[in-house]
Structures are given as structure tokens and as C-alpha cells.
Amino acid sequence: RGFIDRERLRRGFEHLIVGDEMLERLGPAVNAGKAIFLYGPPGNGKTVLAEGMGQSLGGDMYVPHAIDVEGHVVTLFDPIWHRVLDDGHDRESLLASMADRRWVRVQRPVVIVGGELTLDMLDLTYNDASRYSEAPLQLKANGGVLLVDDFGRQRMRPQDLLNRWIVPLESRVDYLTLISGKTFQVPFDVLTVFATNLDPQSLAD
């Protein structure tokens with residue numbers, strides 16, 4: 001993603017009216033590469049701020065349609081979250097797409113989940129009919145932003161969610177388990193944003 005300077009941050013929020021004081025706070029938070037916690041009353045723009053951070057990251061990236069782990073197929077590309085960019089505009093991207101069609105050029109993803117989030121959605125989902133697994137949300141969000149909106153209103157305790165991610169948030173790697181029981185390591189290169197209007201002291205230590 002690279003360093004996000006003031007100008008790059010402002011471009012990400014150019015469609016909004018955001019005060020300089022708020023941008024001065026957001027800049028160091030985004031560049032720190034750590035999880036961000038947004039707290040405030042309903043309707044004060046927490047979700048929009050998180051989306052603006054995703055816009056600030058900018059640029060494009062390549063994601064594979066699927067990955068193979070010891071013969072097990074894990075689908076990764078998701079048209080819901082991955083906005084496909086045209087590969088035909090410049091010679092470099094055209095050559096890359098011709099060289100390996102397993103990759104898709106996309107805009108950096110901004111994955112948003114709310115009260116529907118469950119612990120099962122953070123692990124591989126196996127499809128018996130097609131015999132492949134689907135990547136969890138945090139893997140699809142790699143290279144971009146993962147916004148947990150309405151944090152504390154999920155169908156799980158906030159502590160359970162934080163405990164599930166305590167290692168990935170610190171070490172920047174995650175561990176997933178195949179249906180065979182095999183555990184493998186994947187990157188956790190995600191700007192994770194928690195947004196809530198609940199009392200923070202009731203959600204985390």
C-alpha cells in the first residue's frame with residue numbers, strides 16, 4: 001500500500017467534507033498499519049470514514065481466482081468485493097493478463113460486515129457439491145480495508161471476535177484449516193477498522 005501522505009489522504013476524502021483535524025488524526029492511524037477503532041453516536045460518519053480510508057489506499061492489485069493448498073482448491077476472487085479493472089488500457093497490464101489468466105486486476109477491496117458477522121464467516125467454507133472451499137472475508141480483504149461495522153452487535157461476543165484475530169492483528173498472518181484438518185498460513189495484510197456506537201469499555205479491555 002505504501003506510505004499515505006496528506007495529499008493522498010485528502011484525495012480519498014475529496015467526496016466528503018472532513019475537517020483538517022480529523023485528517024491529521026486519520027493519517028498516522030492509517031500509516032501505523034494497526035487496527036483502528038472508531039467510536040461515536042449513530043450517524044456521525046464512522047462508516048463513511050472507513051470507506052474513505054479505503055479510497056485513500058487507492059491503486060490496484062492482482063488477486064487470484066483461487067489458490068491451491070496441497071490439492072485443495074480455495075476460491076478467493078469475489079465479484080461482490082473485488083471491483084474488476086480493465087486490463088486492456090496499458091501494455092504492461094495487458095501482457096500480465098495474457099501471461100497468466102489465473103489473476104484478476106482489481107481495485108483495492110473495501111469489505112464491510114455488520115451485525116450478520118459470525119465466527120464461521122472467518123474460516124474456510126467447504127462446498128460439498130463442488131468440492132472446493134471459499135476464502136473467509138479477511139482473506140478477500142487482503143491489500144485493502146476490512147470494516148467491522150456496528151462492532152458489538154454481531155452474533156457473537158466481541159471478545160470472541162478479538163480473540164480470533166489477536167494473532168493476525170499483531171503478526172499480520174492468519175491460520176486457516178482445510179476440511180482435511182490441515183492448517184496453513186496466509187497473509188493478513190488488511191487495514192482492520194472497528195466502528196461502534198456502544199461504550200468501548202463494554203467491548204474490549
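Report on the accompanying structure. These figures come from a predicted structure and were not determined experimentally.

Side note on the overall build of the protein chain
Here comes step 1: Scanning the protein chain from terminus to terminus reveals six helices and twelve strands.
Here comes step 2: Along the first, second and third principal axes, the C-alpha atoms of the protein chain reach 50 × 45 × 25 Å.
Here comes step 3: For the protein chain, the proportion of its 205 residues judged to be buried stands at 41%.
Here comes step 4: Put simply, of all contacts in the protein chain between residues at least 6 apart along the chain, 69% involve residues at least 24 apart.
Here comes step 5: For the protein chain, the exposed area adds up to about 11400 Å²; of that, 52% sits on carbon and sulfur atoms.
Here comes step 6: Taking the average location of the 22 positive side-chain charges in the protein chain and that of its 29 negative ones, the two points are 2 Å from each other.

Some remarks on the sheet that holds strand β4 (residues 72-75)
Here comes step 1: Judged by pairing direction, the sheet is mixed, and its four strands sit side by side in the order β3-β4-β8-β7 without closing on themselves. Edge positions in the sheet fall to β3 (66-69) and β7 (125-127), since each of these pairs with one other strand and no more. When strand polarity is set aside, the average angle formed by the axes of neighbouring strands in this sheet is 30°.
Here comes step 2: Looking at chain direction, β4 and strand β8 (residues 132-134) are connected through two bridges and run parallel. Bridge pairing in β8 links T75 to E134.

Topic: helix α6 (residues 158-171)
Here comes step 1: An ideal rise of 1.5 Å per residue puts 20 Å on 14 residues; α6 measures up with 20 Å between its terminal C-alpha atoms.
Here comes step 2: The principal kink in α6, of about 50°, is found at W165, preceding the proline P168 by one to four residues.
Here comes step 3: Residues P158, L161, R164, W165, P168 and L169 constitute the buried set of α6.
Here comes step 4: Against α5 (137-140), β9 (145-148), β10 (173-177) and β12 (191-196) lie the buried residues of α6.

Side note on the pairing of β12
Within a regular strand, side chains alternate between the sheet's two faces.
Here comes step 1: The buried fraction of β12 amounts to six of the six residues, a majority that puts the element mostly inside the structure.
Here comes step 2: For strand β1 (residues 36-39) and β12, the ladder comprises four bridges, and the chain directions are parallel. When the sheet's bridge partners are listed, I36 is paired in β12 with V193.
Here comes step 3: Here four bridges tie β9 to β12, and the two strands are oriented parallel to one another. Note on β12: the bridge partner recorded for L146 is T192.

Considering the side chain of H82
Here comes step 1: Here H82 is to be found in the loop between β4 and α4 (91-99).
Here comes step 2: Relative accessible area serves as the criterion here: at 2%, H82 is assigned to the buried category.
Here comes step 3: When residues no more than four places from it in sequence are discounted, the contact partners of H82 are V63, L76, F77, V106, P109 and K140.

Regarding the pattern of salt bridges
Here comes step 1: Applying the stated rule across the entire model yields ten salt bridges.
Here comes step 2: Between R164 and D174 there is a salt bridge, and its shortest N-O distance comes to 3.0 Å. With R164 in helix α6 and D174 in strand β10, this residue pair connects regions lying ten residues apart in the sequence.
Here comes step 3: D174 sits in the buried class, given a relative accessible area of 3%.
Here comes step 4: Via salt bridges that share partners, D78, E134 and K140 belong to a single interconnected network.

Considerations on the sheet that holds β12
Here comes step 1: Pairing is parallel across the open sheet formed by four strands, whose spatial order is β1-β12-β9-β6. Among the strands making up the open sheet, the edge pair consists of β1 and β6 (110-113). Across the sheet, the axes of successive neighbouring strands diverge by a mean angle of 20°, strand direction being ignored.
Here comes step 2: Taken strand by strand, α6 contacts β9 and β12, and its axis lies near 150° from that of β12.

Regarding the layout of surface pockets
Here comes step 1: Size it by volume and the largest pocket reaches roughly 360 Å³.
Here comes step 2: Forming the walls of the largest pocket are 15 residues, and the residues nearest its centre are L162, I166, L169, A204 and D205.
Here comes step 3: Elements supplying a minimum of two residues to the lining of the largest pocket: β1 and α6.
Here comes step 4: The leading source of residues in the lining of the largest pocket is α6, at six residues.
Here comes step 5: In terms of residue class, the lining of the largest pocket is made up of ten nonpolar, two polar and three charged.
Here comes step 6: One number sums up the size of the second largest pocket: a volume of about 260 Å³.

Procedures and definitions
- Residues numbered from 1 in each chain as written.
- Predicted model: local features only at pLDDT ≥ 70, side-chain atom pairs only at ≥ 80, totals over all residues.
- Heavy atoms only, no water.
- Helix = DSSP H or I, 4+ residues; strand = E, 2+ residues; numbered from the N terminus.
- Buried < 20%, exposed > 50% of the residue type's maximum accessible area, 1.4 Å probe, protein only.
- Contact = heavy atoms within 4.5 Å.
- Areas by Shrake-Rupley, 256 points an atom, 1.4 Å probe, with all protein chains shown as cover.
- Lys, Arg positive; Asp, Glu negative; His and termini not counted.
- Charge placed at Lys NZ, Arg CZ, Asp CG, Glu CD.
- Pairing = 2+ DSSP bridges.
- Axes fitted to C-alpha atoms, helices over the stretch in contact; angles between N-to-C directions.
- Expected span 1.5 Å × (residues − 1).
- Bend = angle between axes of the 7 residues up to and from the residue.
- Salt bridge = Lys/Arg side-chain N within 4 Å of Asp/Glu carboxyl O.
- 1 Å grid on protein atoms, 1.4 Å probe; cavity = no way out; pocket = protein on both sides within 12 Å on 5 of 7 lines; lining within 4 Å.
- Points joined across faces, edges and corners; volume = space filled by probe spheres on them.
- Nonpolar A, V, L, I, M, F, W, Y, C, P; charged D, E, K, R; others polar.

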